[in-house]
Amino acid sequence: MILVLKHYKRGNMKYISHIDLLRHFTRTFRRAGFEIEYSGGFNPHMQVNLGTPLPLGISSSAEYLTVRTDVPKEEFLEEYNRVAPAGLEGIRVFQPLTNPNVAGRTVAADYSVAQSGAEEKRREVEGVVNLLSLPMQIEKKGETTVKDVAPLINAIKVYPGRLNVSLAAGNVTLRPDKFVEFLAGKFDFEVKTTDLWKYEQYVRENGVLLEMDRFLEKLEKSNEETKV
Amino acid sequence: MTFEEILLKSEKPARYSGGEYNTPDMEKPCDVRFCICMPDLYEVGMSNLGLKILYHVLNDQKNVVCERCFAPALDFRALLKENGIPLMSLETKKPLKEFDMVGFSVQYEMLFTGVLYVMDAAGIPFYAKDRGEEYPIICGGGPSTINPEPIADFFDLFMVGEGEEMIVKLTDLYAKCKAAGKTKTQFLALAEKIEGIYVPSRNTPKRRKIVKKAVVRDFEHCFYPTAQLMPTLEVVHDRAMLELYRGCQNGCRFCQAGYYYRPIRFRSKNTVKALIERLIRETGFDEISLGSLSTGDYPYLEELLSEVNPICAKARVHLALPSLRLSSFKKEFAESSRKSSLTFAPEAGTQRLRDVINKNVTEEEIRTGLSAAFDQGYNSVKLYFMLGLPTETDEDLMGIVELVKMIRRLYHENHKGGVNISVSCSVFIPKPGTPFQWERQITREEMSRKQFLLKDELRKVKGASFHYHDRETSELEAIFARGDRALAPLIELAYKKGAMFDSWTEHFHYEIWEEAMAELKIDKEKYLGEQPLDKPLPWEFIDIGVTRAFLLREREKAYRAECTLGCDKGCQGCGAMALALCDEVKKK
Ligand code: SF4
């Protein structure tokens, strides 16, 4: 059967790269004594499907990984948490009837970053969401390109001390750390990217965004292929 | 910038963040704060079994908290410097300077500059004499303490030999001295009385006292951590390591480890099995390496494998058997190993030279072993040799070529397709504690001539490839290996001129060393040439158990190309038994 583990990535674990993360999970599952399905072939490996990669340094309370195993759902969470590294604690386990393909289906995520000075400019900052075009410089491997990021922004909200943004994530991604730094530069306020959290992620269903948890809950009840 | 911001700017923040699974309690009240420091990158340091053993041994003490620190990569070092932050421990981010004791694990000579690099980043003066009461006690340990003289002036004390029991005696003493308000000098005077502890300021070339290497007498019951620290990022040896035994019965005459780790003490099959089961549960590693100097010589290997193979298969854990002798290559072992390439080390090309170095492997054994391996489906062989061995001639080098040709023929007798034979040649380095400790090292010109001769000959053999060690590194290693206290200023000067991370070829600049030697008027020939028999060598105050008389006897036998049997055929009287009984001897 398929289990999806919703977990944190926080504390020291936020510095772990996507590849190294996989190693932490396979080791934790072995410590827990779980029998997880392996791939076939010449060099079999434990099949753990991670969600969309999170850039280094960003914390999260909404990460999802998928495995096939016969360990009962309740036992899975308890035993996992008994031997999990600090920072990768499990939050909840789902038992969808079909493979949810979390990484492939994810289209957006919500983030929150500590800020100071954005309250006074709330109108302009939040107004960015209505812009039809927003050119942003993006640096990748030493090269700078300009990209129109307007289509990648779903929401921007300023709260006392925090700035929350909802951005494209998945196959098309806008890096939240770069984006909030860009906003801070544009409107002259401060953000603290060492305090940047991801707290929600979404799939698109019938044209609207649906929280990953709701989506997985639905898959637990019915294996009807949901429309994308 | 805050520390966290610096972390995010560095190449690999996880190297410095800490927070590994199985980290012991860092908050407990304690009398001694110890920091184990490996002057190399996290990925290398966290691959070291000795470091993990000592780390957990110390944290297992009621009154000690032990943390870690590794050498920062150059990018992180620059960030620390820019922001005026001293090097800190991984666990609680405490500056190294504020610890009671800092213990450097010096694995080999090329890390000497690494020690200074770390001290520099931590704001600790290099020389022991320049450090007052406010600085931690700087301790050294690890295999290179067989001759600590080149770095002696930098350290307050060395732990010579096996650390797991000695280090506890040391921290106990420290706690007592601290409670009694004793000074550093008073502490060092008392520390010197512990077996294995060497205090360079109180034990000088002019006034020598013998330092006896510490050994664990009851290896079967000695501390071994199964709930060991799990590295946060991929490290060089990313697996659990478990020693089957300590010491080595073979007595290869060039091999320092073979003599240094004597006496021979085995872990029983049942203990090893129990430890493997716990390692699987407590670490979750997918590979356990059963290490020892010559794993195939472990007398209970076959029984052990038949019992643990099913356990490992169920948990999907791979058992690695490094350092198998070709003669112990058996079907069962091959199956439990998933390597596609077979590695072994004849070390010399002719039987004569193999007899000189007492590498007890014959061409017949090589044939049988390799035939078996080829039948198993191996089609790739890696061979290790040493160039510049005592009494070596060109005939011996041609022997390497002949051996390679023989292997190729052997493969084609029964198998189709091509076979890859990779030949790797290091340069012989005369090492302290071996029968060859008095020998000369060949010059760089000789090295180059021999290397090119082999290269030309091997080029003509289809399927063969040739790799050889860097000549400059080999020379510097030899200088340090047999160095004395005159080398400390050289290490300091070279470091100041920019020599660091010498163990990484891309950072190694021999010009710096040559320049520094010239400035300090250090004659390298003193260290590279043949050493006199009639004077004690700079390191001979360290008693490793194996006696001078035995080493001299072995040296004579080497010149006569006479072999010495392994200890499994009977005790050869090397002297190590005086430290603890060898299991081979107990049996008889
Ligand atoms: S004392 Fe004897 S048995 Fe022990 S290592 Fe030396 S030669 Fe071998």
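Predicted, not measured: the structure shown is a model, and the values here were computed from it.

Quick word on the overall build of chain B
A count of helices and strands for chain B gives 22 helices and 17 strands. For 588 residues, the compact-globule estimate of 2.2 N^0.38 gives 25 Å, and chain B sits close to it at 24 Å. Seen through its C-alpha atoms, chain B measures out along the principal axes to roughly 75 × 60 × 55 Å. Classification of the 588 residues of chain B by burial places 59% in the buried group.

Section: the overall build of chain A
Each helix and strand counted, chain A has 6 helices and 11 strands in total. Taken against the 2.2 N^0.38 rule, which gives 17 Å for 228 residues, the C-alpha radius of gyration of chain A at 19 Å falls within 12% of a compact globule. Its C-alpha atoms put chain A at 55 × 40 × 35 Å along the principal axes. Counting all 228 residues of chain A, 51% fall into the buried class.

Observations regarding the packing of aromatic side chains
Under the definition given, this model contains 29 aromatic pairs over all chains. Judged by centre distance (5.1 Å) and plane angle (55°), the ring pair of Phe112 of chain B and Phe480 of chain B falls under tilted. Placement of the pair is Phe112 of chain B in helix α6 (residues 112-122) and Phe480 of chain B in helix α17 (residues 471-481), with a sequence separation of 368 residues. In this structure an aromatic cluster arises from ring pairing among Phe25, Phe29, Phe34, Phe76 and Tyr80 of chain A. For Arg68 of chain B, the ring lying beneath its charged end belongs to Tyr55 of chain B, and the centroid distance is 5.3 Å.

Focus: unusual backbone geometry
Residue and element names in this part refer to chain B. In this structure, the amide linkage connecting Arg262 to the following residue, Pro263, adopts the cis form with an omega of 0°. Position of Pro263 relative to the elements: it lies in the loop between α9 (256-260) and β10 (265-266). One non-glycine residue, Arg316, lies in positive phi territory at about 55°. Locating Arg316 in the fold gives a position in the loop between α11 (301-315) and β12 (318-320). Even without a glycine there, the phi angle at Thr391 is positive, about 70°.

Some remarks on the pairing of strand β16 (residues 464-468) of chain B
Every other side chain in a regular strand lies on the same face of the sheet, so the side chains alternate between the two faces. All names here are of chain B. Relative to β16, strand β15 (residues 420-427) runs parallel, the two sharing 5 bridges. Pairing of Ser424 across the sheet is with His467, part of β16. Handedness of the β-α-β unit built from β15, helix α16 (residues 444-459) and β16 comes out right-handed.

Here we look at helix α15 (residues 394-414) of chain B
Between its first and last C-alpha atoms α15 of chain B spans 32 Å; for 21 residues at 1.5 Å apiece the expected length is 30 Å, and the two agree. Of all the positions in α15 of chain B, only Asp396, Leu397, Gly399, Ile400, Val401, Leu403, Val404, Met406, Ile407, Leu410 and Tyr411 of chain B are classed as buried.

Quick notes on the domain arrangement of chain A
Residue and element names in this part refer to chain A. The domain architecture assigned to chain A consists of domain 1 (2-95) and domain 2 (108-205). One C-alpha centre belongs to domain 1, the other to domain 2, and the line joining them spans 28 Å. Tallying the contact residues gives 14 residues for domain 1 and 12 residues for domain 2. Among the residues domain 1 hides against domain 2, the three largest losses belong to Thr52, Ile58 and Ser59. Together they make up 38% of the total. Note that Glu63 is salt-bridged to Lys198, the shortest N-O span being 2.9 Å.

A look at the nonpolar core
If you look at the biggest cluster of nonpolar residues, it comprises 177 residues, and the most contacted ones within it are Phe29 of chain A together with Leu157, Phe187 and Trp513 of chain B. In contact with Trp513 of chain B, other than residues within four places in its own chain, are Thr113, Leu476, Phe480, Leu490, Ile491, Ala494, Ala499, Asp502 and Phe508 of chain B. Core analysis: the second largest hydrophobic core is formed by 30 residues, Ala118, Val149, Val180 and Leu183 of chain A among them.

Looking at the sheet that holds strand β11 (residues 287-291) of chain B
Residues and elements named next belong to chain B. An order of β8-β11-β12 is seen for the 3 strands of this open sheet, with the pairing classed as parallel. At either margin of the open sheet sits one strand with a lone partner, and together these are β8 (240-243) and β12. Looking at each pair of strands side by side, their axes are set apart by 25° on average, direction ignored. Pairing geometry for β8 and β11, over 4 bridges, is parallel. Within β11, the residue paired with Glu243 across the bridge is Gly291.

As for the packing of α6 of chain B against helix α18 (residues 488-496) of chain B
Residues and elements named next belong to chain B. For the pair α6 and α18, interaxial distance at closest approach is 10 Å and the crossing angle is 65°. In this structure, α6 meets α18 at a crossing whose hand is right-handed. Contacts between α6 and α18 pair Phe112, Thr113, Leu116, Tyr117 and Asp120 from the former with Ile491, Glu492 and Tyr495 from the latter. Residues of the contact of α6 with α18, tallied by class, amount to 5 nonpolar, 1 polar and 2 charged.

Some details on the side chain of Thr26 of chain A
All names here are of chain A. Checked against the element boundaries, Thr26 lands in helix α1 (residues 18-32). Residue class for Thr26 comes out buried when judged on its relative accessible area of 18%. With sequence-adjacent residues up to four places away left out, Thr26 is seen in contact with Met46 and Val48.

Focus: the site of the ligand
With respect to spatial proximity, 10 residues lie near the ligand, and among them Cys567, Cys571, Gln572, Cys574 and Cys582 of chain B are the closest. Looking at the shell around the ligand residue by residue, the class counts come to 7 nonpolar, 2 polar and 1 charged.

Brief notes about the interface of chain B and chain A
Listed as interface residues are 28 residues of chain B and, on the opposing side, 22 residues of chain A. Counting the surface lost from both chain B and chain A, the interface buries some 2000 Å², and carbon and sulfur atoms represent 54% of this. Taken together, chain B and chain A are joined by 4 salt bridges. Between Lys14 of chain A and Glu4 of chain B there is a salt bridge, with the nearest N and O atoms lying 2.7 Å from each other. Counting every contact that joins chain B to chain A gives 9 residue pairs in polar contact (both at pLDDT 80 or more). For the side of chain B that touches chain A, the elements supplying multiple residues, two or more each, are α1 (3-9), α2 (14-17), α10 (269-283) and α11 of chain B. Partitioning the side of chain B that touches chain A into residue classes produces 12 nonpolar, 6 polar and 10 charged.

Topic: the side chain of His7 of chain A
Secondary-structure assignment places His7 of chain A in strand β1 (residues 2-9). The contact partners of His7 of chain A, leaving out residues within four places of it in the chain, are Phe25, Ser60, Ser61, Ala62, Glu63, Tyr64, Leu65, Leu88, Glu89, Gly90 and Ile91 of chain A.

Focus on the environment of Gly18 of chain B
Within the secondary structure layout, Gly18 of chain B lies in the loop between α2 and β1 (32-38). Those residues in contact with Gly18 of chain B that sit more than four places away from it in its chain are Asn12 of chain A together with Leu90, Lys93 and Thr232 of chain B.

Things to note about the pairing of strand β4 (residues 137-141) of chain B
All names here are of chain B. Of all 5 residues in β4, 5 are buried, a share of seventy percent or more. Of the crossover connections in this fold, the one passing from strand β3 (residues 101-105) over α6 to the parallel β4 is right-handed. Two elements, β4 and strand β5 (residues 157-159), share 2 bridges in a ladder whose sense is parallel. Within the sheet, the bridge partner assigned to Cys139 lies in β5 and is Leu157.

Quick word on the sheet that holds β16 of chain B
All names here are of chain B. Pairing is parallel across the open sheet formed by 4 strands, whose spatial order is β13-β14-β15-β16. On the outer flanks of this sheet lie β13 (342-347) and β16, each paired with one strand and no other. For this sheet, the mean angle separating the axes of adjacent strands, direction not counted, is 20°. Direction of pairing for strand β14 (residues 380-387) relative to β15: parallel, over a ladder of 8 bridges. By the bridge assignment for β15, Lys382 is matched with Ser422.

Procedures and definitions
Residues numbered from 1 in each chain as written. Chains lettered and ligands numbered in written order. Predicted model: local features only at pLDDT ≥ 70, side-chain atom pairs only at ≥ 80, totals over all residues. Heavy atoms only, no water. Helix = DSSP H or I, 4+ residues; strand = E, 2+ residues; numbered from the N terminus. Rg over C-alpha atoms; globule rule 2.2 N^0.38 Å. Buried < 20%, exposed > 50% of the residue type's maximum accessible area, 1.4 Å probe, protein only. Phe/Tyr/Trp six-rings, centres within 6.5 Å; stacked < 30°, edge-to-face > 60°. Lys NZ or Arg CZ within 6 Å of the ring centre and 35° of its normal. Pairing = 2+ DSSP bridges. Right-handed = clockwise from strand over helix to strand, strands pointing away. Expected span 1.5 Å × (residues − 1). Domains from an automatic or database assignment. Contact = heavy atoms within 4.5 Å. Buried area = accessible area lost by both parts, 1.4 Å probe. Salt bridge = Lys/Arg side-chain N within 4 Å of Asp/Glu carboxyl O. Core = buried A, V, L, I, M, F, W, Y, C linked by side-chain atoms within 4.5 Å. Axes fitted to C-alpha atoms, helices over the stretch in contact; angles between N-to-C directions. Left-handed = near helix turned anticlockwise from the far one by under 90°. Nonpolar A, V, L, I, M, F, W, Y, C, P; charged D, E, K, R; others polar. Near = heavy atom within 4 Å. Polar contact = N/O pair within 3.5 Å; in protein donor to acceptor, adjacent residues only side chain to side chain.

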